[in-house]
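Architecture and fold: a report
Spelled out, the chains give:
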Amino acid sequence: MALPGIGRRCADIVLSFVFGRDVIAVDTHVHRVCNRIGMTAAKTADRTAKQLEERTPEWAMRDGHFWLIQFGKAVCTARAPQCGTCPVADLCEFYVALPAGPVASTS
Ligand code: SF4
């Protein structure tokens, strides 16, 4: 089913917050974090949402939305990710692939 003018993100937010469904609504923070870390490999938020849907256990779907948004706002920010103090740096493809190496980037 599709509603004109309503994209996947809006639909997922309504499903999660209004109907209590287990979905991860992918906003810009979730999209950025998931693709930096390597949880997904997608150029669009809709593709990120699809990949997360396929890879995320049901128990983590609704809370995962909040975790990823908060992580993207507090640690893995758009312009200045806090890689030096990031608790998941050792799992992050972006961090490991930094040209100067992960250790040199932490200062
Ligand atoms: S290591 Fe850096 S880029 Fe990777 S998740 Fe942490 S803050 Fe984001």
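Computed from a predicted structure; not experimentally measured.

Examining the packing of helix H2 (residues 28-37) against helix H3 (residues 45-55)
For the pair H2 and H3, interaxial distance at closest approach is 10 Å and the crossing angle is 65 degrees. You can see that H2 and H3 cross each other, and the crossing is left-handed. Contact residues: H2 offers Val30, His31, Cys34 and Asn35, while H3 offers Ala45, Thr48 and Leu52.

So, the site of the ligand
Looking at the ligand, there are 13 residues lining it, with Cys76, Cys83, Cys86, Cys92 and Tyr95 nearest. Those elements that place two or more of their residues in the shell around the ligand are H2 and helix H5 (93-96).

Let's talk about the confidence of the model for the protein chain
Of all residues in the protein chain, 93% have pLDDT values of 70 or greater, and the mean over the chain is 88. For the protein chain, the element scoring lowest by mean pLDDT is helix H1 (residues 8-17), at 85; H2 scores highest, at 95.

Considerations on the packing of H2 against helix H4 (residues 61-74)
The contact between H2 and H4 brings their axes to 8 Å, and the two run at 80 degrees. Here H4 runs roughly perpendicular to H2, going by the angle between their axes. The segment H2 lies against H4, with His29, Val30, Arg32, Val33 and Cys34 engaging His65, Leu68, Ile69, Phe71, Gly72 and Lys73. Residues of the contact of H2 with H4, tallied by class, amount to 6 nonpolar, 3 polar and 2 charged.

Some details on the nonpolar core
As a rule of thumb, soluble globular proteins bury nonpolar side chains together. With 12 residues, the main nonpolar core is built from Val23, Ile24, Ala25, Val26, Val30, Val33, Cys34, Ala45, Ala49, Leu52, Leu68 and Cys76. Going through the elements one at a time, H2 and H3 are the ones with two or more residues in this core. Not counting residues within four places of it along the chain, the set of residues in contact with leucine 68 comprises His29, Val30, Val33 and Cys34.

Some remarks on H2
Every buried residue belonging to H2 is among Val30, His31, Arg32, Val33 and Cys34, and all of these are buried. Structurally, H2 contributes buried residues whose contacts are with H3 and H4. Trailing H2 by a residue or two, glycine 38 shows a phi angle of about 110 degrees, which is positive.

Calculation rules
Residues numbered from 1 in each chain as written. Predicted model: local features only at pLDDT ≥ 70, side-chain atom pairs only at ≥ 80, totals over all residues. Axes fitted to C-alpha atoms, helices over the stretch in contact; angles between N-to-C directions. Helix = DSSP H or I, 4+ residues; strand = E, 2+ residues; numbered from the N terminus. Left-handed = near helix turned anticlockwise from the far one by under 90°. Contact = placed C-beta atoms within 7 Å. Near = placed C-beta within 6 Å. pLDDT = per-residue confidence, 0-100. Parallel < 35°, antiparallel > 145°, perpendicular 65-115°, else oblique. Nonpolar A, V, L, I, M, F, W, Y, C, P; charged D, E, K, R; others polar. Core = buried A, V, L, I, M, F, W, Y, C linked by C-beta atoms within 7 Å. Buried ≥ 20, exposed ≤ 12 C-beta atoms within 10 Å, placed from the backbone.

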